[in-house]
Amino acid sequence: MRPWVKRFGHFGQMVFIVEGLLSAALFFLAFAFRMSTAAVFLALLIVSLLCVWHELVACMYYDSTLRPSLQRLLTVPKAICSQAAIIFTYGALIFVVGTLQVYFRQMIRYSWSVGCYVATGIFLLFFLYHFIYLSRSPWREVTPDEDCQDGLPSFKETFRLRRSTEGGCNSMTEGWIGILLLLFLLLPQALMFYARVLYLYDTHEHEGLQCTIQEIGFAQGTVGVIAFNIGIALNRLLLQHYSFWHLFWPMATCLVLSPFVYMGMTLYPPGSLGMLCCCTMSAQILFGLGAGVCRYPVSLVSGNHYHNEVNVLQIPVVSTVMFVPMAVCGWMVERFGYNMFFLVNALSAPACLLVVYLLLRLRRMHPCCYKP
C-alpha cells in the first residue's frame, strides 16, 4: 500500500478516512464477540490491516508537514507516546477486561465485547480531536507533486534492483543470508512469543501458572513493555559509546536468553505477583537489549544504498521470519507440555547462535560492510 498512499498524497485527509474506518472496525469487533469465532477473526484481520494503514499515513503526514529540525526535536516525545499507547492497549485494556470478567462472572466473550466498546469510544475521542485540530493545523502539507522523498523505492523496486546488482554488499545472495540470520536470531524469541502468555494463563493441571487476566495485563502488558523500552534505551546508549561490531555478540546473546527465564519459571514457579513481574521484566529487558542486532540482517535485505528503507522493511521482514515459529508453538506446547517446550526453546538458543556464527563465517563478513 505504501507506493499507492505516497502517490495519492493528501495525508491529512487520509488520516481522517482511516480513523473513521478504524472506529467502525473496532465497533464491528466488539459486536463480533457475540457472534462467532470466524467473525472475531475477520474483525481482527480488518483492524490489523487498518492499523498498519493508519501507521503508514500518520508517518507520511508527519514527514510531509514538519521541518527536519522539528522532526528531530519531536523524536523522543513521539517514541514515548507510541510506547504509552502499547502500554494502554496491552496493559490497561487487558486489566479492564479481566475486571469485567470477574464482574460478569466468567463471561469472557461478553467482557471482551464491552472492553472493545470502551476502546471504540476512546478512539472516537482521538478521531474527533484530530478532525478538529488537523483541519486547522498551521503546518502546510506537501502535495504529491512537491514531495521530494520519491527516491525511496517500493518493495518490488528494491528487490528488482538487488537482482540486477552483482557482487558486493548489494547481491541477492546477501539478502538471503540476511533473512537466514534474522530467522535464527529471532527463532528462540518467536517460539515463546505467544506460548509465554498461554503459560501464564493456563491452569495448574496443564502445567501453567493459572494467573488472572489482570495479573497478565500488569506483568506482561505494563511491566513487560516498560522493561522492553528500558532495554532498547540501554541498547542505544551502549551503541553511542561502542561500535556495532563490538556489541554484536553481546546483543545476539541477550536476544536469545529470554527463553531461559521462562524455563526457570517452569522449574521454580514464582509464588507472588512481584516475583512474576521480576521474571517478565528480566526477560523483556534482555529482549530489548538484543533487539538492536536485527538492524544488520535487515540492512542486508534492503541493501546499503537503501539505508532509509531499513525502517520500512524492518517490521514486515521481522514479522515474516517469526511467523512460522509463532504458528507452530501452540502445537509444540500441546505435544510436549510447557516444561519440555521451554526446555527445547532454551536449548535452541545456543544452536541458533552457532548457525549465526557459521552464516557470518560463510559470508566472510567485514565491519566496513555495515554502517549503523
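Undergrad: Help me out: how do you make sense of the overall build of the protein in this one?
TA: Of the regular secondary structure elements, the protein holds 14 helices and zero strands. The linear arrangement of helices and strands in the protein, starting from the amino end, is α-α-α-α-α-α-α-α-α-α-α-α-α-α. Across the 372 residues of the protein, 44% fall into the buried class.

Undergrad: It is not clear to me how the side chain of Arg196 should be interpreted in this structure. Could you clarify?
TA: Following the sequence through the fold, Arg196 ends up in helix α9 (residues 195-201). At 15 Å, Asp202 is the nearest oppositely charged side chain to Arg196, a buried residue that forms no salt bridge. Not counting chain neighbours up to four residues away, the residues in contact with Arg196 comprise Gln220, Tyr262, Gln284 and Phe342.

Undergrad: In this structure, what is going on with the environment of Leu49? I would like to understand it.
TA: Along the polypeptide, Leu49 turns up in helix α3 (residues 37-65). Its relative accessible area of 53% is what places Leu49 among the exposed residues. Measuring from C-alpha to C-alpha, the distance between Leu49 and Leu22 comes to 9.5 Å, with 27 residues separating the pair along the chain.

Undergrad: I tried to follow the packing of helix α10 (residues 213-241) against helix α11 (residues 244-267) on my own but got confused; where do I start?
TA: For any two helices packed against each other, the geometry comes down to the angle between their axes and how far apart the axes lie. Interaxial distance between α10 and α11 falls to 11 Å at its minimum, and their mutual angle equals 165°. As far as their axial angle goes, α11 and α10 are roughly antiparallel. Seen from above, α10 lies across α11 with right-handed handedness. Touching Gln220, Asn235, Leu238 and Leu239 of α10 are Phe244, Leu247, Met251 and Tyr262, all from α11. In the contact of α10 with α11, the residues fall into six nonpolar, two polar and no charged.

Undergrad: Just to check I follow, could you spell out the packing of aromatic side chains for this structure?
TA: In this description, an aromatic ring pair is defined by two values, namely the gap between the centres and the angle between the planes. Scanning all chains against the criterion turns up 18 aromatic pairs. With a centroid separation of 5.2 Å and an interplanar angle of 50°, the aromatic rings of Phe228 and Phe287 are classed as tilted. Separated by 59 residues along the polypeptide, Phe228 in helix α10 and Phe287 in helix α12 (residues 273-290) bring together distant segments of the chain. Here a set of aromatic residues connected by ring pairs shows up, and it is made of Phe244, Trp245, Phe248, Trp249, Tyr296 and Tyr357.

Undergrad: In this structure, what is going on with unusual backbone geometry? I would like to understand it.
TA: Most peptide bonds take the trans configuration, and most residues that are not glycine carry a negative phi. With a phi angle near 70°, Glu207 is a residue other than glycine that sits in the positive phi range. Tracing the backbone through its elements, the reader meets Glu207 in the loop between α9 and α10. Located in the positive-phi region is Gln210, a residue other than glycine, with phi close to 55°. Tracing the sequence through the fold places Gln210 in the loop between α9 and α10.

Undergrad: How should I be thinking about the confidence of the model for the protein in this particular structure?
TA: Should pLDDT be low for a region, the predicted coordinates there are not to be read in detail. Residues of the protein with pLDDT of at least 70 account for 83%, and the chain-wide mean is 79. A low-confidence stretch, residues 165-170 (pLDDT under 50), is modelled with twelve contacts involving residues beyond four sequence positions or located in other chains. Low pLDDT, under 50, characterises residues 365-372; the predicted model gives this stretch 14 contacts beyond four residues in sequence or across chains.

Undergrad: Looking at this model, I keep getting lost on the packing of helix α2 (residues 11-32) against α3. Mind explaining?
TA: The contact between α2 and α3 brings their axes to 9 Å, and the two run at 160°. Compared by their axis directions, α2 and α3 come out roughly antiparallel. The handedness of the crossing between α2 and α3 is left-handed. When grouped by side-chain class, the residues that make up the contact of α2 with α3 number 25 nonpolar, three polar and one charged.

Undergrad: Would you explain the environment of Ala219 in this entry?
TA: With respect to the secondary-structure elements, Ala219 resides in helix α10. For the pair Ala219 and Met281, spaced 62 residues apart in the sequence, the C-alpha separation amounts to 8.0 Å. For Ala219, the contacting residues outside a window of four places in its chain are Gly224, Leu276, Cys277 and Thr280.

Undergrad: Quick question: what am I supposed to make of the nonpolar core here?
TA: Among the nonpolar cores identified, the biggest contains 31 residues, and Leu181, Leu182, Leu186, Phe248, Val293 and Tyr296 are the most heavily contacted of them. Every element with two or more residues in this core is listed here: α8 (172-192), α11, α13 (295-302) and α14 (309-363). When residues no more than four places from it in sequence are discounted, the contact partners of Leu182 are Cys294, Pro297, Val298, Val317, Val318 and Val321. Counting residues in each nonpolar core, the second largest holds 28 residues, with Ala195, Cys254, Met263 and Cys277 among its members.

Undergrad: Whenever I open this one, a nonpolar patch on the surface confuses me. Can you help?
TA: Taken together, Phe41, Leu42, Leu45, Ile46 and Leu49 make up a surface patch of nonpolar side chains, about 480 Å² in accessible area. Overall, the relative accessible area of 58% leaves Phe41 in the exposed class.

Undergrad: Just checking my understanding: could you explain the side chain of Asn235 for this structure?
TA: You can see Asn235 is positioned in helix α10. On the basis of relative accessible area, Asn235 is assigned to the buried category, the value being 6%. Within the structure, the side chain of Asn235 is placed 2.8 Å from the backbone oxygen of Leu289, a separation counted as a polar contact. With residues near it in sequence (within four places) discarded, Asn235 still touches Met251, Gly288, Leu289 and Gly292.

Undergrad: What exactly am I supposed to notice about α12 here?
TA: Given 3.6 residues per helical turn, the α-helix brings residues three or four places apart onto the same face. Here α12 contains 18 residues, and its C-alpha end-to-end distance of 26 Å stays within 8% of the 26 Å for a straight helix at 1.5 Å per residue. Residues of α12 that are buried include every one of Leu276, Cys277, Cys279, Thr280, Ala283, Gln284, Leu286, Phe287, Gly288, Leu289 and Gly290, and no others.

Undergrad: Help me understand the environment of Ile213 in this model?
TA: With respect to the helices and strands, the residue Ile213 is situated in helix α10. Note: C-alpha distance between Ile213 and Val96 (117 residues apart in sequence) is 8.9 Å. Contact partners of Ile213, with chain neighbours within four places excluded, come to Ile94, Gly98, Gln101, Ile108 and Tyr201.

Cut-offs and rules
Residues numbered from 1 in each chain as written. Predicted model: local features only at pLDDT ≥ 70, side-chain atom pairs only at ≥ 80, totals over all residues. Heavy atoms only, no water. Helix = DSSP H or I, 4+ residues; strand = E, 2+ residues; numbered from the N terminus. Buried < 20%, exposed > 50% of the residue type's maximum accessible area, 1.4 Å probe, protein only. Lys, Arg positive; Asp, Glu negative; His and termini not counted. Salt bridge = Lys/Arg side-chain N within 4 Å of Asp/Glu carboxyl O. Contact = heavy atoms within 4.5 Å. Axes fitted to C-alpha atoms, helices over the stretch in contact; angles between N-to-C directions. Parallel < 35°, antiparallel > 145°, perpendicular 65-115°, else oblique. Left-handed = near helix turned anticlockwise from the far one by under 90°. Nonpolar A, V, L, I, M, F, W, Y, C, P; charged D, E, K, R; others polar. Phe/Tyr/Trp six-rings, centres within 6.5 Å; stacked < 30°, edge-to-face > 60°. pLDDT = per-residue confidence, 0-100. Core = buried A, V, L, I, M, F, W, Y, C linked by side-chain atoms within 4.5 Å. Patch = residues over 30% accessible without salt bridge, like charges linked within 9 Å, V, L, I, M, F, W, Y side chains within 5 Å. Areas by Shrake-Rupley, 256 points an atom, 1.4 Å probe, with all protein chains shown as cover. Polar contact = N/O pair within 3.5 Å; in protein donor to acceptor, adjacent residues only side chain to side chain. Expected span 1.5 Å × (residues − 1).

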